[in-house]
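# Chains, contacts and geometry: an overview
Spelled out, the chains give:
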Amino acid sequence: MNYEKFIKQKQQIVAPSGFSVSRDDINPGLFEFQKDIVKWALKRGRAAIFAGTGLGKSRMQVEWGQKIHELTGGDVLLLAPLAVAAQTVREGAALGYEVHLCRSQDDVKPGLNITNYEMLHHFEPILFSGIVLDESSILKSFTGKIRNEIIESFAFTPYRLACTATPAPNDYMELGNHAEFLGVMSRTEMLSMYFVHDGGRTSQWRLKGHAESDFWAWVASWGVVLEKPSDLGYEDGAFKLPPLNIHEIIVPAEGPPANTLTERRQARKNSLNDRVAYCAELINQTDDTWLIWCDLNDESDALTKAIEGAVEVRGSHKPAYKEKAMLDFAAGDIKRLVSKSSICGFGMNFQVCNRMAFVGLSDSFEQIFQAIRRCWRFGQTKPVDVYIITAETEGAVLENIKRKEQDFKNMVDEMVRYTQGILSESIRSSEREMTKYNAEKHLIIPEWLRSEPIAS
Amino acid sequence: MNPLQVNTVDQVITEEYALYLGDCVEVTKGLPDNSIHYSIFSPPFSSLYTYSNNERDMGNSRNDEEFMEHFRYLISELYRVTIPGRLVSFHCMDIPAMKSRDGFIGIKDFSGSLLRMFINNNFIYHSKTVIWKDPLVEATRTKALGLLHKQIVKDSAMCRQGLPDYLITVRKPGDNPEPVSHPDGFSRFYGENEPEAPKTKPTLKDSQKHKTISLAKTDPVYSHHVWRRYASPVWMDIRQTNTLQYRSAREEKDEKHICPLQLDVIARGVELWSNPGDVVFSPFMGIGSEGYQAVLMGRRFVGIELKESYFKIAANNLKMAVDELNEIDELLS
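Every chain is numbered on its own, with residues counted from 1 as its sequence reads. Written order decides the labels, with chains lettered from A and ligands numbered from 1. Reporting in this predicted model follows two pLDDT cut-offs: at least 70 for local features of residues, and 80 or more for side-chain atom pairs to be given and counted; totals over whole chains, interfaces and linings ignore these cut-offs and use all residues. Note that the side-chain values use all heavy atoms of the structure and ignore hydrogens as well as water.

- An unreviewed UniProt entry annotates chain A as Helicase domain protein originating from Desulforamulus reducens.

What follows is the structure, given as structure tokens:
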């Protein structure tokens, strides 16, 4: 290989490998920005969509999958969290497509097929031409083994799409997971290319100062990041959300204020009855639909007992039960749902509800954020009221979350800022130029630098 | 033979030095065959540090294999431009292997890999010296698990020694057309704790008689002591902080250039392996440490740098070397 070739090969911008589809051929049920993103993702062949909740990831996935099916004639598999699969079937129907809900390879029909992540081992990944991961950030919550299994299973699938909410820009592992799933670059390669590792902890990585702009250019070459349509230069229009009102309720409790994590847990246990009683009273005096989030199993039990018409979904329930309860709640057949954000907090459309209460708070901002987004999302017409009920002794829980939220907003803005310029350009066209080395002057060799008059 | 006509981004050519802003593989292709008397440089240490976001930067490699592949292009050019019988010194260290990147905690034999590449490209393994480094400094900087005292308490099976620097030297085969001679031995010393001995010119010049004089005896003690220190397989006496000031070369977001080559190391290489007036070469010029020292010592210098901000500082530093040299000349005249 000559040197020029080698250098070309070193450039990490992924060449488009998919299909050119005219915008007019994309389902008119999609918004303009959604059409452009689908068009771009088809052009790339393998892409990630990091889009804020409620921006229509399911629709874009279904449309992308449908086009891959039409263009390749092969089957497409969508993997989604539990209950989201059934919801996606409905989304597909709204676009005029049949999405087959499957439990194993035997159920697969030509076209679009969907199952939940837990069923993956009943399928033959090699038989699909396209794969879509819905809520792909779920890769994070699986053990390394399952994560690797998902990545390896589809290593030979020609067309791949991963969709998830915008990760925090410093969540490099998440971006690495996606790059690896898409076959763009392995996570370890990504780390050594763009990151330095300093400090004593082997899990901490920092973007190399030089690599910052290059890193985001690289991410933008295979992933699109947006929080709202205007991030890519479109009108926000229907995506403007109704107000979100967060009410902080501090229940009086005995004991010293918690300082450490352990003390906070203890304070939560001690104040459980008071918090549950407050929540039950608040809810029972209304006829509204409520979503109630807790953190401990004891909270879950107590809440279900105290709240009229409450249905509980907990980790130990069978998947079929969980799925039915979530879908019934989404359809308005259940008026009060008690669960943890780690179980029902992802992917579901609960716009039917505009009131929720957190009786126990998980310390994960992402989970709380996702939980709120079940109701406060595109399609919600009423203001959303969120009650956060904590005990006096728990300390500044809400403040902590608000700080994390602000951090997250800042980081996402940063990420959008980095990628939007590159993206809005590449989403509309498809090629970018990457010339940086501009050597145009002939080399001058000084008089004093001459070959020695000797045979070599 | 005319070398390939190649291009560079920018260049500064004077009587004493030629500095090129460009890709070192490309630019070296443009240098004449057998034109370099001695090379000394510190290459990027695989992907340990990154100096720029250019894919032509060897520090921008996805893995060690890609780095080595990139570096190999340079070695074959280095071989071509080096005068037969003359030397190339490279400064390097071994690289800690990390669990998340390499899958294990340990050390990667980076110095060995580099040396093997030179050998595979027909160079002869000529010498190696270890440059001592304080393990406490390394432990403080890197927090490497194997160097922390608490690890001794926990499980010393994971404890290790600090990582030194190496100056490894290889030789292009063939007869050296111009011997590098030191007829009066060494009259100066680069490093810490200069040997205490009269710097008189040796009166005994007969090598037969030298044989009978032990190093501990009188005449010519100074040069012998210096040589004993330079010839040491471990250099304990390098002034670690004696580096060309680099702070000004950094752009706002640059990573710190944390491994500048100490001027003492360069000076020893230049003194030992080149004659005054010879051409010293560095394909990874950085801010010009090798050039600065070589010019101060009356050599000519050819340097290549990919990063514009470093290149500009190097040009200033080389000019400074010439000015300093002229001042000394004026003082002496």
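## Focus on the overall build of chain B
- Helix and strand counts for chain B come out as 11 helices and 12 strands.
- The buried share of chain B, reckoned over its 333 residues, is 54%.
- Put simply, of all contacts in chain B between residues at least 6 apart along the chain, 73% involve residues at least 24 apart. Strands here are runs of E lasting at least two residues and helices are runs of H or I lasting at least four, both read from the DSSP assignment and numbered beginning at the N terminus. We call a residue buried when its accessible area falls under 20% of the maximum for its residue type, exposed when it is over 50%, and partly exposed in between, using a 1.4 Å probe and counting protein chains only. Any two residues whose heavy atoms approach within 4.5 Å at even a single point are treated as in contact.

## Remarks on the overall build of chain A
- Counting secondary structure elements, chain A contains 15 helices and 16 strands.
- Taking all 456 residues of chain A together, the buried fraction comes to 57%.
- Considering only intrachain contacts with a sequence separation of at least 6, the fraction spanning at least 24 residues in chain A is 73%.
- In the structure as shown, chain A presents an accessible area of about 19,600 Å², 49% of it carried by carbon and sulfur atoms. Residue burial considers only the protein chains on display, and all accessible areas are found by Shrake-Rupley using a 1.4 Å probe.

## Quick look at helix 9 (residues 263–273) of chain B
- Across the 11 residues that make up helix 9 of chain B, a large majority, 11, are buried.
- When we look at burial in helix 9 of chain B, the residues that qualify are B:L263, B:D264, B:V265, B:I266, B:A267, B:R268, B:G269, B:V270, B:E271, B:L272 and B:W273.

## What to know about the interface of chain A and chain B
- Taken together, the 49 residues of chain A in the interface contact 66 residues of chain B.
- A 1.4 Å probe defines the accessible area here, and the buried area is the portion of it lost by two parts on being joined, summed over both. Regarding the contact of chain A and chain B, the summed buried area is about 5,100 Å², with carbon and sulfur atoms giving 55% of it.
- We define a salt bridge as a side-chain nitrogen of Lys or Arg found within 4 Å of a carboxyl oxygen belonging to Asp or Glu. Put simply, B:D10 and A:K441 hold a salt bridge, and the shortest N to O gap is 3.0 Å.
- As used in this structure description, the phrase polar contact means that two N or O atoms lie within 3.5 Å; if the pair is within protein, one of them must be able to donate a hydrogen and the other to accept it, and residues adjacent in sequence are counted only when both atoms belong to side chains. At the surface where chain A touches chain B, the tally comes to 15 residue pairs in polar contact (both at pLDDT 80 or more).
- The element that contributes the greatest number of residues to the side of chain A that touches chain B is helix 1 (residues 3–10) of chain A, accounting for six residues.
- Under the grouping applied here, Gly and all other residues not named as nonpolar or charged are polar, the nonpolar ones being Ala, Val, Leu, Ile, Met, Phe, Trp, Tyr, Cys and Pro and the charged ones Asp, Glu, Lys and Arg. Here the residues of the side of chain A that touches chain B are counted per class, giving 20 nonpolar, 17 polar and 12 charged.
- Between any two strands, at least two bridges found by DSSP are needed for them to pair. Direction of pairing for strand 16 (residues 441–442) of chain A relative to strand 1 (residues 7–8) of chain B: antiparallel, over a ladder of two bridges. Residue pairing in the sheet places A:K441 in a bridge with B:T8 of strand 1 of chain B.

## Quick look at the pairing of strand 12 (residues 310–313) of chain A
Residues and elements named next belong to chain A.
- Bridge analysis of strand 12 against strand 13 (residues 336–340) gives four bridges, and the strand direction is parallel. In the sheet register, A310 faces strand 13, and the bridge partner there is R336.
- Following the chain from strand 12 across helix 12 (residues 319–331) to the adjacent parallel strand 13, one finds a crossover that is right-handed. When the strands point away from the viewer, a crossover counts as right-handed if the path from the first strand over the helix to the second runs clockwise.

## Quick notes on the environment of A:N27
Residue and element names in this part refer to chain A.
- Within the secondary structure, N27 is located in the loop between helix 1 and helix 2 (32–44).
- A sequence separation of 32 residues divides N27 from R59, and the C-alpha atoms of the two residues are 9.7 Å apart.
- For N27, the residues in contact, after removing those within four places along its chain, are K35, E63, L95 and Y97.
- Here the side chain of N27 touches L95 through a polar contact of 2.9 Å, landing on its backbone oxygen.

## Looking at the sheet that holds strand 11 (residues 290–294) of chain A
Residue and element names in this part refer to chain A.
- One open sheet accounts for six strands, arranged 10-15-14-11-13-12; its pairing is parallel. Strand pairing shows two members of the sheet lacking a second neighbour, strand 10 (244–251) and strand 12, which therefore form its edges. Each adjacent strand pair in this sheet contributes to an overall mean axis angle of 20°, direction not counted.
- Strand direction decides the pairing type here: strand 11 and strand 13, joined by five bridges, are parallel. Bridge pairing links I292 to V338 in strand 13.
- Angles here are taken between N-to-C directions and fall from 0 to 180 degrees, while the axes themselves are lines fitted to C-alpha atoms, restricted in helices to the stretch in contact. Most of the contacts of helix 11 (residues 297–306) go to strand 12, to which it runs at about 160°, and overall it touches strand 11, strand 12 and strand 13.
- Across the sheet, helix 14 (residues 365–373) is in contact with strand 10, strand 11, strand 14 (355–358) and strand 15 (384–391); its angle to strand 14 comes to roughly 160°.

## Regarding the sheet that holds strand 5 (residues 82–93) of chain B
All names here are of chain B.
- Within the open sheet, the nine strands sit side by side as 2-3-12-11-4-5-9-8-10. Their pairing is mixed. For this open sheet the edge positions go to strand 2 (10–13) and strand 10 (234–235), each flanked by a neighbour on one side alone.
- With respect to the sheet, helix 9 is in contact with strand 4 (36–41), strand 5, strand 8 (124–131), strand 9 (165–171) and strand 10, its orientation differing from that of strand 4 by roughly 160°.

## Considering unusual backbone geometry
- For A:E135, which is not a glycine, the phi torsion comes out positive at approximately 50°.
- As for its placement among the helices and strands, A:E135 is situated in the loop between strand 5 (130–133) and helix 5 (144–153).
- Take A:E135: its relative accessible area is 7%, and that puts it in the buried class.
- Of note in the backbone geometry, B:N122 takes a positive phi value of approximately 80° without being a glycine.
- Its location among the elements puts B:N122 in the loop between helix 4 (110–120) and strand 8.

## Observations concerning a nonpolar patch on the surface
- Patch membership is restricted to residues that have no salt bridge and whose relative accessible area is over 30%. Joining uses 9 Å for like charges and 5 Å for the nonpolar side chains Val, Leu, Ile, Met, Phe, Trp and Tyr. Residues A:I126, A:L127 and A:F156 make up a contiguous nonpolar surface patch of roughly 380 Å² in combined accessible area.
- As for its placement among the helices and strands, A:F156 is situated in the loop between helix 5 and strand 6 (159–164).

## Brief notes about the packing of helix 2 of chain A against helix 3 (residues 57–72) of chain A
All names here are of chain A.
- Contact pair helix 2 / helix 3: the axes reach a minimum separation of 10 Å and the direction vectors enclose 40°. Classed by the angle they form, the pair helix 2 and helix 3 counts as oblique. Where helix 2 crosses over helix 3, the handedness of that crossing is right-handed. Seen from helix 2, the contacting residues are Q34, I37, V38, A41 and L42; seen from helix 3, they are M60, E63, W64, K67 and I68.
- Of the residues contributing to the contact of helix 2 with helix 3, the split by class is seven nonpolar, one polar and two charged. Any angle that is under 35 degrees is reported as roughly parallel, and any over 145 degrees as roughly antiparallel; angles of 65 to 115 degrees are reported as roughly perpendicular and all others as oblique. By definition, turning the near helix anticlockwise from the far helix through less than a right angle yields a left-handed crossing, and turning it clockwise yields a right-handed one.

## Things to note about the nonpolar core
All names here are of chain A.
- Nine residue types can take part in a nonpolar core, namely buried Ala, Val, Leu, Ile, Met, Phe, Trp, Tyr and Cys, and a core is a set of them joined through side-chain atoms within 4.5 Å. Counting residues in hydrophobic clusters, the biggest one holds 115 residues, and the most contacted among them are Y194, F215, W218 and F358.
- Among the elements that line this core, the one with the most residues is helix 15 (residues 397–428), at eight residues.
- Counting only domains with at least three residues in this core, you end up with domain 1 (9–237 + 409–432) and domain 2 (258–394).
- When near neighbours in sequence (up to four residues on either side) are disregarded, F358 contacts W293, I368, A371, I372, V386, Y387, I388 and I389. Throughout the structure description, domain borders are defined by an automatic or database domain assignment.

## Thoughts on the packing of aromatic side chains
- Stacked, edge-to-face and tilted labels apply to pairs of Phe, Tyr and Trp rings (six-membered ring for Trp) whose centres lie within 6.5 Å, assigned for plane angles under 30 degrees, over 60, and everything in between, in that order. Within the structure shown, the criterion is met by 28 aromatic pairs over all chains.
- Residues A:F31 and A:F33 carry aromatic rings whose centres are separated by 6.4 Å and whose planes lie at 25° to one another, so their mutual orientation is stacked.
- For A:F33, a relative accessible area of 3% gives the class buried.
- With 5.5 Å between their ring centres and 50° between their planes, B:F67 and B:F110 make a pair best called tilted. Of the two residues, B:F67 sits in helix 2 (residues 64–81) while B:F110 sits in helix 4, which places them 43 residues apart along the sequence.
- Residue class for B:F110 comes out buried when judged on its relative accessible area of 4%.

## Quick word on the environment of B:F45
- Checked against the element boundaries, B:F45 lands in the loop between strand 4 and helix 2.
- B:F45 sits 69 residues away from B:L114 along the chain, and the two C-alpha atoms are 9.9 Å apart.

## Quick notes on the pairing of strand 11 (residues 279–282) of chain B
Residues and elements named next belong to chain B.
- Going residue by residue along strand 11, you find V279 and F281 tucked away on one face and V280 and S282 tucked away on the opposite face as well.
- As paired strands, strand 4 and strand 11 are joined by two bridges and run parallel to one another. Bridge pairing in strand 11 places S39 opposite F281.

## Side note on the packing of helix 2 of chain B against helix 4 of chain B
Residues and elements named next belong to chain B.
- Two numbers describe how helix 2 lies on helix 4: the axes approach to 10 Å, and their chain directions differ by 40°. Here helix 4 runs oblique to helix 2, going by the angle between their axes. Where helix 2 crosses over helix 4, the handedness of that crossing is right-handed. Residue-level contacts link F67, M68, F71, R72, I75 and L78 of helix 2 to F110, S113, L114, M117 and F118 of helix 4.

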